Amino acid sequence: MDFGRSPDEEAFADEVRRFLAEHPPERFPLDGVDAGYGSGAHSHAFMRALGERGWLAMCWPEAFGGQARPMFLKLVLLEELALAGAPFGPLAGSWQTADAIIAYGTERLRRELLPAIARGEATFWQGYSEPDAGSDLLALTTEAKRDGEHWIIRGHKIWSSHAGVSTHGLVFTRTSREARRSRGFSMFVVPSTTPGMDIRPIRSLTGDIYHYEVFLDEVRVPADLMLGPEGEGFVALLNGLDSDRFWGRFYKAPALLRVLRRLVDYANTTVVAGAPLARDPVVRRRLAAMAAEIAALRLLFYRAACLLRDGAPITYETAVAKVYADETGQKLARLGLELLGPWGALRRGSRAARLDGDIAHAYLTSLGHTIAGGTAEVLRTTVAVRGLGLPAEPKAR
Amino acid sequence: MDFRPSSAQQMLVATAREVLRKECPPELVQRLALDPRGFDDTLWRRLAELGWPGLLIPPEHGGSGGSLLDVILLVEEIGRAGLPGPFVTSAVAGTTAVLAAAEADARRRLLPALATGERLVTLAVLESSASFDVDAVALAGAVPGRLTGSKLFVPDAHVAHDAIVAVREQGDVSLLLLPLDRAGLARLPLDTMSGEKLFELTLDGVAVSADDRLGRAGEGRRPLAAALTAGALARTAEMVGAAQRVLELAVEHARTRVQGGRPIGGHQAIQHACADLVRDVDAARGLLYAAAWRVAEGLAAEADVAMAKAYAGEACLAVARRGHQIFGAIGYCEEHPLHLLHKRIHAASLDFGDTPLHLETVARAIGLA
């Protein structure tokens, strides 16, 4: 066993921290909101800066323009960025898309898209959910029909994060009707500017625009923008969802640690009834218990990371980690709101707001986290059925 | 980062699991739970033959020179099997105190018999404050002189040969190693809900001399802290092992218990409960291994150990309680193993510092004023 960073990882962490000191994250212009997951806001400028350092493609094989560095450097980068509150919203999605393209992308995707991802120019939205296909994703009705060297996509996607500011959509479609419900799906990488796509914002309960819905009306997509084998997109997507749970939440632990540190600082400097909040034994215990939970969360993700690195099978580990990340985040936001009292309810920019109104934002955004990317309920069922071998409920046909 | 035990550790765990499956079956655990002595001499000798009591002891004193991480993996299996007895008390905490405190001749005198399991030591630290904070030690110890007072919650004193007694000398803490049959010492049993063998140790003018010292006068703080750290981690491992067993039993029950024509584990209410058991056990285990690794590597680990113990105290107890709900009425029976595992977890959560004590350590470590 080994629970420390290797000398290489430590040296890389130093390099990242130096970069962040030289390029303070708050100076980068933002193009999409921070949805509270821990990866900050969507910022093309910040992504380009990461690209200039060579960090976006560092773990790709050399044949694809990478440096074949160990996967754990990506974890170091994510941790350091999250601890600093940097705006790297699209990063995990870009990496996942690149991995899929390297694994089974067409020549064109490899030639055109990988360099754009490496430079931090291409960012992606997911076109998976539909109005009537949420937890039951296979109920989706968006169809792609072959037309010579093109596919014509028709349908309606929803809850696509940052679709209005990202360059490409990953659109999951039905390409044939098969006896097995999970067959006949294919994935396309569709430039957001493709004619026929109408990308409309949905205002969230935070008051911000994070999600979009996308209407696809006779969208013509070249056949070589299909990602993965035709008709077997669901298998690819399932693997993608497993990795989505991992890469989409890995940075939650360091991001929560950052929030916890701010709350500790707040408790030390805020006097209530003549004594610092930090002297209240209940406050001390609750903050300390959160520190332990965040440390446990980090280790759940690192255990899953070791399995991913070693190519060991994953049945439930990322699902457990994702649910724990989201529920721990909700708990910390609740605790923060309680500690701040009436000030906790003040939004960013309000007169008298404390901690920049970040706790109110964290509280509101966290409500969506146990829903997005697989609800806590669906994932607990996954853990029980796939991880523990409990009998599945009868499937819909 | 690497979560895999070494091949030697894997072998230790596999052997432990097999031996305990054969020689410490649930029936034996049941019998010992109802037995006033709660100690099986034959089984203890068997474990001693395997070298378990000597795991932490260097080879030159008859042990195998293992790390605390090795011991933690072994104790996890002990917790999983529900093996009662003085292993953590003597072979982990007591032995760690001796290793950390004793000077050369005392090491030569004490360690070989500890390594073979022939000699058992217990720790007498707590007093009426019931706090494992070293500063709470108040029993006045004039050496040479006579000791009068009492120590509380002393584990396994009925089978131990000696007690490591923490006393206060001129404002500091000293350790004494007292044979439990010395005149003036009495062991009064406490009746615990877990069946753990705890005692009040009363000292009525017990004569002590410089020969009884374990380490130098006023230098007991460091070895005691080392013993408490090792004990806290071992008790955490016991909780994690016991919670793992609850998880295994609960999942098996959910798979096989049929009501209304289908296994209860086919219902989401039970599935989600089982998913939470996995989360709690895995999360507690991660903190345990990381903390034990840091101790074994000689890195600063005070906050890590405190987090691991505090976390397991909450999470493993939650596993036990949820387990009762999954098992329904059968889990309420004395003959069912669930309550023994539950009670063991509870006892372990109190030993070597309860959750509030460890959370206070964490609170300071994260910078709360």
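Worth saying up front: this structure is predicted, and the values here are computed from it rather than measured. (Residues numbered from 1 in each chain as written. Chains lettered and ligands numbered in written order. Predicted model: local features only at pLDDT ≥ 70, side-chain atom pairs only at ≥ 80, totals over all residues.)

Caption draft 1: Inspection of the environment of R354 of chain A at higher detail. Residues and elements named next belong to chain A. Here R354 lies in the loop between α9 (317-340) and α10 (358-369). Here R354 falls in the partly exposed class, since 19 other C-beta atoms lie within 10 Å of it. Among residues more than four places away in sequence, those in contact with R354 are L340 and W343. (Helix = DSSP H or I, 4+ residues; strand = E, 2+ residues; numbered from the N terminus. Buried ≥ 20, exposed ≤ 12 C-beta atoms within 10 Å, placed from the backbone. Contact = placed C-beta atoms within 7 Å.)

Caption draft 2: View of the sheet that holds strand β4 (residues 172-179) of chain B. Residues and elements named next belong to chain B. With mixed pairing, three strands are arranged side by side in an open sheet as β1-β3-β4. Pairing within the sheet leaves two strands with one partner each, and these edge strands are β1 (121-124) and β4. Averaged over neighbouring strand pairs, the angle between their axes works out to 30° when direction is ignored. Here four bridges tie β1 to strand β3 (residues 162-169), and the two strands are oriented parallel to one another. Of the residues in β3, the one forming a bridge with T122 is A163. Those strands touched by helix α5 (residues 87-101) are β1, β3 and β4, and its axis lies near 75° from that of β1. Sheet contacts for helix α7 (residues 221-256): β1, β3 and β4; angle to β4, the most-contacted strand, approximately 70°. (Pairing = 2+ DSSP bridges. Axes fitted to C-alpha atoms, helices over the stretch in contact; angles between N-to-C directions.)

Caption draft 3: Molecular detail of the interface of chain A and chain B. Chain A puts 37 residues into the contact, and the matching count from chain B is 39 residues. With 14 residues, the single largest contributor to the side of chain A that touches chain B is helix α8 (residues 281-310) of chain A. Within the side of chain A that touches chain B, the residues separate by chemical class into 27 nonpolar, four polar and six charged. (Nonpolar A, V, L, I, M, F, W, Y, C, P; charged D, E, K, R; others polar.)

Caption draft 4: Structural context of the pairing of strand β4 (residues 168-174) of chain A. Residues and elements named next belong to chain A. Of all the seven residues making up β4, seven are buried; the element is thus mostly covered by neighbouring parts of the structure. Both faces of β4 are covered, namely the face carrying H168, L170, F172 and R174 and the face carrying G169, V171 and T173. Sheet analysis places strand β1 (residues 124-127) next to β4, joined by four bridges and oriented parallel. Paired with W125 across the two strands is G169, which belongs to β4.

Caption draft 5: Local environment of the sheet that holds strand β2 (residues 145-155) of chain B. Residues and elements named next belong to chain B. A sheet is described by the order of its strands in space; here three strands give the open sequence β2-β6-β5, paired in antiparallel fashion. Bordering the open sheet on either side are β2 and β5 (185-190), each of which pairs with just one other strand. When strand polarity is set aside, the average angle formed by the axes of neighbouring strands in this sheet is 10°. Both β2 and strand β6 (residues 198-208) contribute to a ladder of nine bridges, which runs antiparallel. The partner of T148 across the bridge, within β6, is D204.

Caption draft 6: Representation of the domain arrangement of chain B in the model. All names here are of chain B. Split by domain assignment, chain B resolves into domain 1 (7-115), domain 2 (121-212) and domain 3 (221-365). Here domain 1 and domain 2 have C-alpha centroids that lie 23 Å from each other. Taken together, the contacts link twelve residues of domain 1 with twelve residues of domain 2. In terms of residue count, the dominant contributor to the side of domain 1 that touches domain 2 is α5 (six residues). The residue makeup of the side of domain 1 that touches domain 2, split by class, is seven nonpolar, four polar and one charged. (Domains from an automatic or database assignment.)

Caption draft 7: Spotlight on the domain arrangement of chain A. Residue and element names in this part refer to chain A. Considered domain by domain, chain A is made up of domain 1 (7-122), domain 2 (126-231) and domain 3 (249-387). Here the C-alpha centroids of domain 1 and domain 2 sit 24 Å apart. Contact residues are listed per partner, giving 18 residues for domain 1 and 16 residues for domain 2. Breaking the side of domain 1 that touches domain 2 down by element, the ones donating at least two residues are α4 (91-104) and α5 (107-118). With four residues, α4 is the largest single contributor of residues to the side of domain 1 that touches domain 2.

Caption draft 8: Up close: the environment of A207 of chain B. Within the element layout of this structure, A207 of chain B appears in strand β6. As a C-alpha pair, A207 of chain B and A254 of chain B span 47 residues in sequence and 58 Å in three-dimensional space.

Caption draft 9: Just helix α11 (residues 355-365) of chain B, in detail. Regarding α11 of chain B, the residues found buried are T355, H358, L359, V362 and A363 of chain B. The arc that holds the buried residues of α11 of chain B, viewed along the axis, is 150°, so those residues lie on one side. Residues of α11 of chain B that are buried sit in contact with α8 of chain A together with α9 (302-327) and α10 (338-350) of chain B. (Arc of directions from axis to C-beta.)

Caption draft 10: Broad picture of the nonpolar core. The biggest cluster of nonpolar side chains holds 247 residues, and the ones touching the most others in it are F188 and L287 of chain A together with L233, A243, L287 and L288 of chain B. With residues near it in sequence (within four places) discarded, L287 of chain A still touches L260, L263, V264 and A267 of chain A together with A363, I366 and L368 of chain B. Counting residues in hydrophobic clusters, the runner-up holds five residues, among them V33, A35, Y37 and A41 of chain A. (Core = buried A, V, L, I, M, F, W, Y, C linked by C-beta atoms within 7 Å.)

Caption draft 11: α9 of chain B, seen in detail. All names here are of chain B. Here α9 is 26 residues long and its end C-alpha atoms lie 37 Å apart, about the 38 Å a rise of 1.5 Å per residue gives. Taking the largest bend as the criterion, α9 deviates by roughly 25°, centred on A312. One or two residues past the end of α9 sits G328, with phi positive at roughly 65°. (Expected span 1.5 Å × (residues − 1). Bend = angle between axes of the 7 residues up to and from the residue.)

Caption draft 12: Fine view of unusual backbone geometry. With omega at 0°, the peptide bond leading from V143 of chain B into P144 of chain B counts as cis. In the Ramachandran plot, E218 of chain A falls in the positive-phi region, its phi being about 55° despite a non-glycine side chain. E218 of chain A gets classed as exposed once you count the C-beta atoms within 10 Å, which come to 11. Even without a glycine there, the phi angle at L355 of chain A is positive, about 50°. Residue classification places L355 of chain A among the buried positions, given that 21 C-beta atoms sit within 10 Å.

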